[in-house]
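Residue-level structure breakdown
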Amino acid sequence: MPAKKTRFTTLDLKASIAAVRKRFLGIRVVNVYDVDNKTYLIKFSKPDDKGVLLIESGIRIHTTEFDWPKGLIPSGFAMKLRKHLKSRRLESIEQLGIDRIIDLQFGSGEAAYHLIVELYDKGNIILTDFNYIILSLIRKRTDVTTDEKFAVHEIYAVDSVKQPEDLISLEKLIELLNNAQPNESIKKILNPLLPFGSAVLDECLLKAGLNSESCILGKTFNIEQDAPKLHEQLIQAMDYLKQADSGECKGYITYRQEGSASLLSYEEFHPFLFKQFELKSYLELPTFDRAVDEFFSKLEAQRLDGHIVQKERDALKKLENVKKDHQKRLDELQAAQNEDIRKAYLIEVNADLVTRAMAAINTAVANQMSWPEIEELVDEAKQSGDPTARAIQSIKFDINHLALLLRDPFGDDDDSGKSSNAPVKIDVDLSLTAFANAKRYFEHKKQSSQKQVRTLEAGEKAIKSASKRTNELLKEVERVATVTKARKPYWFEKFYWFISSDNYIVLGGRDQQQNELLIKRHLRTGDLYVHADLHGATSVIIKNPTGNEVPPRTLQEAGILACCHSAAWEAKVPAPAYWVQHDQVSKTAPTGEYLTTGAFMIRGKRNYLPSEPLNFGFALLFKFDESDQAAIDRHSEERKSKAILDEQDLKQTSNIETQESVEETPLEVSDGEDEENIDENKPDEQQPEEEEEEDEEEQTQESVSNPLLPSSSDEDETSAYPDTQVTYSEEKPIKIDNNQKKEPRNQQKPSAKSNNANQPLKRGQRARLKKIKEKYKDQDEEDRQVRMQLLGSAGNESKKKQQQQQQEQQQKQKQKVQNKDNKKKNESIQSRPQSAAVASAIIDDDEGEQQEDEEEKAKRLSEDARLLSTLTGQPTADDPLINVIGVCAPWITLNNYKYKVKILPGGLGKKGKNVQAALKLFAMDRTATQLEKDLIKTVKDQEVSRNLPSGKVKFVLPSYVKLK
């Protein structure tokens, strides 16, 4: 059953215009898309907010939060809108007169353009210049009443629209009703004359004590008595227009339940809860704009739900018909058996009569009497009262049968007086005896009994098969409906994102504006900030609302994400990354400096992560129904956080790595005698030792090359890049500026040398290190430094240690001085007026450190936790899957995913084609269920491509997929 309301009224239009004006006024247009030839999406954006305005010709205009399907190739009208509206601000949005026409102005002065939206009749969307000369429109037409043409190069007559008028007076209302046709509906008379629609008129009639559905002039409506009461309510109803203009209204959707309690069918949407809807089922939403978006986005889904109900009914009816037909056949076979038994019994109890009748006919036939003569003979015997002849009903000469009417000689009437001994027509074979004919009926009964058993068995199989087909059909209907319904994007999908192996949400900014938004809005207490030590890297945060320690594995994965979205991807060289606490990231610039959009200050110690290979991946994350607790329990261990490595083991591993790097130094500076002593070892003495060392190497390699080992650095150096400037200074904290374009000094590029420290030892190196250690075992650090200086070289390690100690001392001194200065500044700020720059810096700091309200934080935490519990990369056949999301993440994150493909830097193919090939690969999986295959088809390659690293990508697909 379709919705009762599908168009805007004037009241709806006023409420929607107020919402659009509040949301998008003064914001620039980013792009324009077309959903179909009547529906268009205008995307607005500013640094901290983005939104979409939906316009459907003749139907509606409102903001939308849903992901509407967009055409792959924009239409001509969409391209025209992009050309003239893109990058322009929405300067005004007004209703023209009281008609359902909206005028949206983009830009100002002679550079302005107007978008006229008509929501009456068949509707129209018209683009004009600042003089209202039509540039493009979706429907050319000519007004029948005014001969006004709506076409390109014509002028849109904004002055010809209907202007608002005062509400009709009581005298005019009475006059109007007196001149109306008798027995006419009051709603039909007044609705065209009122500015607020039929729903408001219904409420006015109800408040006036009248029935809105059966209010007929001259019958249930008395002009003298009812007109004043109705006019009073109409005056009060004008307040609705004022409230709608101000935007002070909520949204209400009325609905009815169909099939089951979970199936809702929306009927109407309104900005106010009118009296006639108070007793009905309705949904209340915070704004009218939100209600309209919800209503229209669910119309298609509800239409599909209606088809589901009908198909379910048809399938169940078909199954019921199969059962009824089977039961009917069984009843017929049972009745035939009962009839055979009765006929055999009647032949036996009337054996003498049957024998005489058959003998008479057989004698006549033997005397060569013709068939008509035999029939005439029988009729004469009946007329003379012969009981044998009277038992004969007919003679079937062609099959040699005789039809007899036999009754039970021992039968009586039942208690109701009805005879239970009615004669039964029985065919007997003239070639058999009476008892042989009885036996024939008994055998027929036996055959029918056997047939009944076979029918019962076959029927059970048929019913089982029909039930199976019905269940499959019901699942198919549900599957199709599930796949067809569009899902609403999750809040984190606007960023680069993935869910770590330990179930943490990791986010990255796509550009400077998103980096700004990410830090200001989403970096909260407990979260960690991750950044690659390279130019062009995105800002990455790890959402940690619980405040617990983030596992090293998640830190490693976040670091890989930051590196993949940097210049390291194009260079195909791994790069290091570091992480800091949330309170180390600030938007406050040092005195005399200015931070542009996307630039931040990082203060304090940075924790460096080891360089990792740039192995990225694309996988599918399935969403199942939140109401299925069994599915949630089934996947609860999927992304369970692993135990953090013991601190003592980490220190021990770090010490091993440091010691080995120190002991490698003498190999480069030792004289020939030292090397000769090492090389002169005999093979039979060295081999067992090397084998032992190789075993040790295999056992220790995991610790030495463990990528989860965090390192920290406060070294003094300056490293700046074209896109991201990272400055390490004794006088300043780190400055991360994604807008920096100047080529600074001491520029460092990604190099394979930075990775040497993390490489495992090669074969035989450990044995050499052991011998060197044995040789210099009596040498302390002081002696080593003296010897190295005599050789003209100072050890790198000693230098680094000295520099580090000096830096720590200087940093502590500077921190003390800075704390004193900050204390003095705070005292002076409290005692004197703040300058604009200082006030702005303090405001920015306050905004960056502002925490969420406890209730909102708890609610968001609960929603995110519930969402994560219903996302799985390992779907099973028992999961109630409802949609699927394409996720791009570090390859190590996707180890346990069912559908995944590896991505490496380089390659020649386009991203979209690579994604399509990967989706085809997933669909070819033999273990994929039909529902999974259908959901895979809904994944859009554009949505996946936008989450891939910038630059060339190479999908590692099986060879047979490449060939195909």
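In this text, all values refer to a predicted model and were calculated from it rather than measured experimentally.

Rules and cut-offs
- Residues numbered from 1 in each chain as written.
- Predicted model: local features only at pLDDT ≥ 70, side-chain atom pairs only at ≥ 80, totals over all residues.
- Heavy atoms only, no water.
- Helix = DSSP H or I, 4+ residues; strand = E, 2+ residues; numbered from the N terminus.
- Buried < 20%, exposed > 50% of the residue type's maximum accessible area, 1.4 Å probe, protein only.
- Contact = heavy atoms within 4.5 Å.
- Areas by Shrake-Rupley, 256 points an atom, 1.4 Å probe, with all protein chains shown as cover.
- Axes fitted to C-alpha atoms, helices over the stretch in contact; angles between N-to-C directions.
- Parallel < 35°, antiparallel > 145°, perpendicular 65-115°, else oblique.
- Left-handed = near helix turned anticlockwise from the far one by under 90°.
- Nonpolar A, V, L, I, M, F, W, Y, C, P; charged D, E, K, R; others polar.
- UniProt positions renumbered as here; feature names shortened; annotations may be inferred.
- Phe/Tyr/Trp six-rings, centres within 6.5 Å; stacked < 30°, edge-to-face > 60°.
- Lys NZ or Arg CZ within 6 Å of the ring centre and 35° of its normal.
- Patch = residues over 30% accessible without salt bridge, like charges linked within 9 Å, V, L, I, M, F, W, Y side chains within 5 Å.
- Salt bridge = Lys/Arg side-chain N within 4 Å of Asp/Glu carboxyl O.
- Lys, Arg positive; Asp, Glu negative; His and termini not counted.
- Charge placed at Lys NZ, Arg CZ, Asp CG, Glu CD.
- pLDDT = per-residue confidence, 0-100.
- Core = buried A, V, L, I, M, F, W, Y, C linked by side-chain atoms within 4.5 Å.
- Domains from an automatic or database assignment.
- Pairing = 2+ DSSP bridges.
- Disulfide = S-S within 2.5 Å.
- Polar contact = N/O pair within 3.5 Å; in protein donor to acceptor, adjacent residues only side chain to side chain.

1. Structural notes on the overall build of the chain
Along its length, the chain carries 28 helices and 34 strands. For the chain, with 964 residues in total, the buried portion stands at 42%. Contacts in the chain between residues at least 24 apart in sequence constitute 68% of all its contacts with a sequence separation of at least 6. Entry remark: accessible area of the chain is about 53,200 Å², with carbon and sulfur atoms responsible for 48%.

2. Observations regarding the packing of helix H5 (residues 198–207) against helix H6 (residues 223–246)
Between H5 and H6, the shortest axis-to-axis distance is 9 Å and the interhelical angle comes to 135 degrees. In terms of orientation, H5 lies oblique with respect to H6. Between H5 and H6 lies a crossing of right-handed hand. On the side of H5, the interface is formed by Val 200, Leu 201, Glu 203, Cys 204, Leu 205 and Lys 207, while H6 contributes Leu 230, Gln 233, Leu 234, Ala 237 and Tyr 240. Of the residues belonging to the contact of H5 with H6, the class tally is 8 nonpolar, 1 polar and 2 charged.

3. Some points on the UniProt feature "coiled-coil region" (unreviewed entry) in the chain
According to UniProt, the feature "coiled-coil region" (unreviewed entry) maps to residues 309–343 in the numbering used here. The span residues 309–343 shows a helical share of 100% and a strand share of 0%, and its end C-alpha atoms are spaced 50 Å apart.

4. Concerning the packing of aromatic side chains
Geometrically, a pair of aromatic rings is defined through the distance of the ring centres and the angle of the planes. One pass over the full model with this rule turns up 25 aromatic pairs. Taking the centre distance of 5.8 Å and the plane angle of 25 degrees together, the rings of Tyr 490 and Phe 492 count as stacked. Comparing Tyr 490 with Phe 492 shows no difference in burial state: the two are buried. Between the aromatic rings of Tyr 578 and Tyr 608, the centroid separation amounts to 5.4 Å while the plane-to-plane angle is 50 degrees, which identifies the pairing as tilted. Residue Tyr 578 is found in strand S22 (residues 577–581), and its partner Tyr 608 is found in strand S25 (residues 606–609); the two are separated by 30 residues along the sequence. For Tyr 578, a relative accessible area of 0% gives the class buried. In this structure an aromatic cluster arises from ring pairing among Phe 8, Tyr 266, Phe 269, Phe 288, Phe 295 and Phe 296. For the cation-ring pair, Arg 440 lies above Tyr 441, with the distance from its terminal atom to the ring centre recorded as 4.9 Å. Stacked on the ring of Phe 600, the Lys or Arg Lys 587 has its end atom at 5.3 Å from the ring centre.

5. A few points about a negative patch on the surface
On the surface, a cluster of negative charge is contributed by Glu 373, Glu 375, Glu 376, Asp 379 and Glu 380. For Asp 379, the location among the structural elements is in helix H9 (residues 371–383).

6. Quick notes on unusual backbone geometry
Although it is not a glycine, Tyr 132 adopts a positive phi angle of roughly 65 degrees. Tracing the backbone shows Tyr 132 in the loop between strand S8 (124–128) and strand S9 (134–137). Taking the relative accessible area as the measure of exposure, Tyr 132 reaches 18% and is therefore buried. Phi angles above zero are rare outside glycine, and His 153 is one such case at about 75 degrees.

7. Remarks on the confidence of the model for the chain
Where the model shows low pLDDT, its predicted coordinates should not be examined in detail. In the predicted model, the chain carries a mean pLDDT of 77, and 73% of its residues have values of at least 70. Low pLDDT, under 50, characterises residues 643–732; the stretch is placed with 156 contacts to residues that sit more than four places away or in other chains. Under a pLDDT of 50 for its full length, residues 739–758 has, in the predicted model, 32 contacts with residues more than four places off or in other chains.

8. So, the nonpolar core
In terms of nonpolar packing, the biggest core is built from 84 residues, with Ile 542, Phe 618, Leu 620, Phe 922 and Phe 955 touching the most fellow members. Both domains that meet at this core, namely domain 4 (487–614) and domain 5 (615–640 + 861–963), each give it at least three residues. Every residue in contact with Phe 955, bar those within four places of it in the chain, is listed here: Phe 618, Val 901, Lys 902, Ile 903, Asn 914, Val 915, Ala 918 and Leu 948. Ranked by size, the runner-up nonpolar core spans 72 residues in total, among them Leu 119, Ala 237, Cys 249 and Phe 277.

9. What to know about the sheet that holds strand S12 (residues 251–257)
An order of S13-S12-S14 is seen for the 3 strands of this open sheet, with the pairing classed as antiparallel. Whereas interior strands pair on both sides, the edge strands pair on one side only; in this sheet they are strand S13 (264–270) and strand S14 (282–285). Across this sheet, the average inter-strand angle for adjacent strands is 25 degrees, counted without regard to direction. The sheet contact formed by S12 and S13 spans 6 bridges and is antiparallel. Among the inter-strand pairings, Ile 253 is bridged to a residue of S13, identified as Phe 269.

10. Observations concerning the state of the cysteines
For the structure on display, the rule yields 0 disulfides. You can see Cys 563 has no disulfide; the closest cysteine sulfur is in Cys 564, sitting 7.0 Å from it. Exposure remark for Cys 563: the relative accessible area of 4% places this residue in the buried category.

11. Here we look at the side chain of Asp 408
Of note, Asp 408 is situated in the loop between strand S16 (401–406) and strand S17 (424–429). There is a polar contact of 3.3 Å between the side chain of Asp 408 and the side chain of Tyr 345. When residues no more than four places from it in sequence are discounted, the contact partners of Asp 408 are Tyr 345, Leu 346, Val 349 and Asn 421.

12. Digging into the environment of Ser 169
One can find Ser 169 in the loop between strand S11 (149–150) and helix H3 (170–178). Between the C-alpha atom of Ser 169 and that of Ile 235, which follows or precedes it by 66 residues, the distance is 9.5 Å.

13. Comments concerning the pattern of salt bridges
What the rule picks out here adds up to 22 salt bridges. Across the pair Lys 543 and Asp 527 runs a salt bridge, and its minimum N-O distance is 2.9 Å. One end of the pair, Lys 543, is in the loop between strand S21 (540–542) and helix H13 (552–564); the other, Asp 527, is in the loop between helix H12 (512–522) and strand S20 (528–532), and 16 residues separate them in sequence. Given the relative accessible area of 1%, Asp 527 is considered buried.

14. Thoughts on the pairing of strand S6 (residues 101–106)
Here S6 lies mainly inside the structure; 6 of its 6 residues are buried. Residues of S6 alternate between two faces, with Ile 101, Asp 103 and Gln 105 on one and Ile 102, Leu 104 and Phe 106 on the opposite face, all of them buried. Where strand S5 (residues 90–95) and S6 come together, 5 bridges link them in antiparallel fashion. Bridge pairing in S6 links Glu 94 to Asp 103. As consecutive antiparallel partners, S5 and S6 are separated by 5 residues, and within that stretch Gly 97 has a phi angle of approximately 60 degrees, a positive value. Here S6 pairs with strand S7 (residues 113–118) via 6 bridges, running antiparallel. Residue pairing across strands places Leu 104 opposite Leu 115, the latter belonging to S7. Following S6, the chain reverses through 6 residues before pairing antiparallel with S7; Gly 107 in that reversal takes a positive phi of roughly 80 degrees.

15. Topic: the sheet that holds strand S4 (residues 60–64)
Strands sit in the order S1-S2-S3-S4 across an open sheet of 4 strands; the sheet is antiparallel. Only two strands of the sheet have a single neighbouring strand rather than two, namely strand S1 (28–34) and S4. For this sheet, the mean angle separating the axes of adjacent strands, direction not counted, is 20 degrees. Sheet topology note: the strand S2 (residues 39–46)/strand S3 (residues 49–56) ladder contains 8 bridges and is antiparallel.

16. Considerations on the environment of His 635
With respect to the element layout, His 635 can be found in the loop between helix H15 (629–634) and helix H16 (647–663). Judged by its relative accessible area of 10%, His 635 is buried. Each C-alpha atom, one on His 635 and one on Leu 871, is 8.6 Å from the other, the two residues being 236 residues apart in sequence. The contacts of His 635, once residues within four sequence positions are left out, are Phe 624, Thr 872, Gln 874, Pro 875, Thr 876 and Asp 879. Within the local environment of His 635, its side chain forms a polar contact with the side chain of Thr 872, the two groups lying 3.1 Å apart.

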